[in-house]
Amino acid sequence: MNEMIQIVVAGPRGRMGKEAVKLVQETENFKLAGVLDRKNEGRLLSEVEGFSGVDVPVFTDPAACFQQTKPDVLIDLTTPEKGYIHTKTALEHNVRPVVGTTGFTAEQLDELKDLAEQKGIGCIIAPNFAVGAILMMKFSEMASKYFKNVEIIELHHDQKLDAPSGTSIKTAEMIARQRKEKKQGHENEKETIQGARGGDFEGMRIHSVRLPGLIAHQEVIFGADGQSLTIRHDSYNRASFMSGVKVSVETVMGLDTLVYGLESIID
Ligand SMILES: NC(=O)C1=CN([C@@H]2O[C@H](COP(=O)(O)OP(=O)(O)OC[C@H]3O[C@@H](n4cnc5c(N)ncnc54)[C@H](OP(=O)(O)O)[C@@H]3O)[C@@H](O)[C@H]2O)C=CC1
Ligand SMILES: O=C(O)C1=N[C@H](C(=O)O)C[C@H](O)C1
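By the naming in an unreviewed UniProt entry, the protein chain is 4-hydroxy-tetrahydrodipicolinate reductase, taken from Siminovitchia sediminis. Turning to the protein chain, the UniProt record has this under Pathway (unreviewed entry): "Amino-acid biosynthesis; L-lysine biosynthesis via DAP pathway; (S)-tetrahydrodipicolinate from L-aspartate: step 4/4." Regarding the protein chain, the UniProt comment filed under Function (unreviewed entry) reads as follows: "Catalyzes the conversion of 4-hydroxy-tetrahydrodipicolinate (HTPA) to tetrahydrodipicolinate."

Here's what the structure looks like:
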C-alpha cells in the first residue's frame, strides 16, 4: 500500500480550496492534517459551514500549523501576499508546497526557488493545473517558432484579484523562449483610450477580460500574412484543475527543487 501523504490546505473556504479539500478527502492515500484560514482559528473545520465531518484543526499562523500538524505537503490556493508567506514558511519547515495561487512577482519566484534548493526539498508552483491549459501553453510555444506575431486574450470571472492571469504570463514566457523580443504593431500606433492595446510582455500584448459567468478561459491568437491560428482553452468548472493538483502532490514528494509550471511534469 502507498504511504499516506499528510496535507494542509490553505484557503479551504475559497472556490479552489473547497475543491482541494474534497480532492484530499476522496483520495485514498491523501490525508488532510489541517487547514490554514484567515478565519476560524482554533476551531475544527467541521464547525465551519459546508465542511461537516471534516474534523481537522484550523490555523491562521502557518508556522504553528506546520509545527503542530507536521504535514508532508501544503496546497496553497489563497492570495498572492498570503500564498507567498505560506510557501516560504512551508519550505522553512521542510513542508513541500504545491501552489496554485497566482500573482507572485519574478523576485518572489526566484527567492522561493533559492530557498527550495537550499533546503533540498520539492516545491511546485503551477499557474494552471488543468491539463488542457498546459497543452494550450505547449502548443503556443510550438506555434511561436513559425508565427512571430501573437496576442493573448485571457478571460476570467469578475472576482479574480490579479491581472493579467498567471496562465497568460506563463504562456507569454514560454512563447518568449522561442522568439527574439519583437515589438508588435507599428511605431505610429496611438491609444486613444489608455490600455486599449493591452499589457506589453516583451512586445506581445496580453488582454484581460473580467465578466460574471466566466470561469477561466484563454485564447492565443497568432497572425501572419493571410492567415491566423487560434489556440483556445476553457475551464468550465474548478474540478477541471484537480487532476493536476493530485499529480502535483504525488510528484512533489519526489522532487528536491522548485518546479514552476506543470509542462515539464506532464511529459
Ligand atoms: N493554478 C490553478 O490551476 C488555479 C489557480 N487559481 C488561483 O488560486 C487562487 C485562489 O483562487 P480562488 O479560489 O478563485 O479565490 P477565492 O477568493 O475564492 O479563495 C481564496 C481564499 O483564500 C482565503 N484567504 C485569504 N487570506 C488568507 C489567509 N491569510 N490564510 C488563509 N486563507 C486566506 C480567502 O478567505 P476569505 O474568503 O475570507 O477572503 C479565500 O477563502 C488565486 O490566486 C487564483 O488565481 C485559481 C484557479 C486555478
Ligand atoms: O483565478 C482564477 O480563477 C484562475 N487563476 C489562474 C490564473 O491566474 O491563471 C488559473 C486559471 O486561469 C484560473
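UniProt's entry tags residues 5–129 with the feature "domain: Dihydrodipicolinate reductase N-terminal" (unreviewed entry), counted in the numbering of this structure. Annotation note: span residues 5–129, helix share 38%, strand share 21%, distance between end C-alpha atoms 19 Å.

Further remarks concern the sheet that holds strand S12 (residues 258–260). Across a sheet, paired strands are connected by hydrogen bonds in the backbone, their directions being either parallel or antiparallel. Pairing within the open sheet is parallel, and its seven strands lie in the order S3-S2-S1-S4-S5-S6-S12. Of all the strands in the sheet, just strand S3 (58–59) and S12 have a single pairing partner and so form its edges. Docked against the sheet, helix H7 (residues 242–252) engages strand S1 (5–10), strand S2 (30–36), strand S4 (73–76), strand S5 (96–99) and strand S6 (123–125), running at close to 160° with respect to S5.

Taking burial as the measure, the seven residues of S2 include six buried ones, the bulk of the element. Across six bridges, the pairing between S1 and S2 is parallel. The partner of valine 9 across the bridge, within S2, is valine 35. Chirality of the crossover, the property in question, places the unit of S1, helix H1 (residues 15–26) and S2 among those that are right-handed. In this sheet, S3 lies alongside S2 in parallel orientation, the contact comprising two bridges. Paired with leucine 36 across the strands is phenylalanine 59, a residue of S3.

Close to ligand 1 lie 24 residues; Arg13, Met16, Arg38, Thr102 and Phe129 are nearest. Take methionine 16: an N or O atom from its main chain is 2.8 Å from an oxygen atom of ligand 1. When ligand 1 sits alone it has 920 Å² of accessible area, and the protein chains cover 83% of it. Listing elements by their share of the shell around ligand 1, those giving two or more residues are H1 and helix H3 (80–92).

Orientation of H1 relative to H7, taken along the N-to-C sense of each, is 60°, at an axis distance of 10 Å. It follows from the interaxial angle that H1 and H7 lie oblique. The hand of the H1/H7 crossing is right-handed. Seen from H1, the contacting residues are Met16, Glu19, Ala20 and Leu23; seen from H7, they are Met242, Val245 and Lys246. Taken together, the residues that form the contact of H1 with H7 break down as five nonpolar, no polar and two charged.

This part takes up the site of ligand 2. What surrounds ligand 2 is the set Thr102, Pro127, Asn128, His156, His157, Lys160, Asp162, Ser165, Gly166, Thr167, Ala216 and Phe241. The side chain of threonine 102 places a nitrogen or oxygen atom 3.3 Å from an oxygen atom of ligand 2. Within the side chain of histidine 156, an N or O atom sits 2.6 Å from an oxygen atom of ligand 2. Of the residues contributing to the shell around ligand 2, the split by class is three nonpolar, seven polar and two charged.

Our focus in this paragraph is the packing of aromatic side chains. Taken as a whole and assessed by the stated rule, the structure comprises two aromatic pairs. Judged by centre distance (6.4 Å) and plane angle (85°), the rings of tyrosine 84 and phenylalanine 104 are edge-to-face. With tyrosine 84 in helix H3 and phenylalanine 104 in the loop between S5 and helix H4 (106–119), this pair connects stretches of sequence that are 20 residues apart. Among the residues examined, tyrosine 84 registers a relative accessible area of 13% and is labelled buried. Of the residues examined, phenylalanine 104 reaches a relative accessible area of 13% and is grouped as buried. Centre to centre, the rings of phenylalanine 147 and phenylalanine 222 are 5.9 Å apart; their planes meet at 50°, and the pair counts as tilted. Taken as a pair, phenylalanine 147 in the loop between helix H5 (131–143) and strand S7 (149–156) and phenylalanine 222 in strand S10 (residues 216–224) lie far apart in primary sequence, 75 residues in all.

What counts and what doesn't
Residues numbered from 1 in each chain as written. Chains lettered and ligands numbered in written order. Predicted model: local features only at pLDDT ≥ 70, side-chain atom pairs only at ≥ 80, totals over all residues. Heavy atoms only, no water. UniProt positions renumbered as here; feature names shortened; annotations may be inferred. Helix = DSSP H or I, 4+ residues; strand = E, 2+ residues; numbered from the N terminus. Pairing = 2+ DSSP bridges. Contact = heavy atoms within 4.5 Å. Axes fitted to C-alpha atoms, helices over the stretch in contact; angles between N-to-C directions. Buried < 20%, exposed > 50% of the residue type's maximum accessible area, 1.4 Å probe, protein only. Right-handed = clockwise from strand over helix to strand, strands pointing away. Near = heavy atom within 4 Å. Polar contact = N/O pair within 3.5 Å; in protein donor to acceptor, adjacent residues only side chain to side chain. Areas by Shrake-Rupley, 256 points an atom, 1.4 Å probe, with all protein chains shown as cover. Parallel < 35°, antiparallel > 145°, perpendicular 65-115°, else oblique. Left-handed = near helix turned anticlockwise from the far one by under 90°. Nonpolar A, V, L, I, M, F, W, Y, C, P; charged D, E, K, R; others polar. Phe/Tyr/Trp six-rings, centres within 6.5 Å; stacked < 30°, edge-to-face > 60°.

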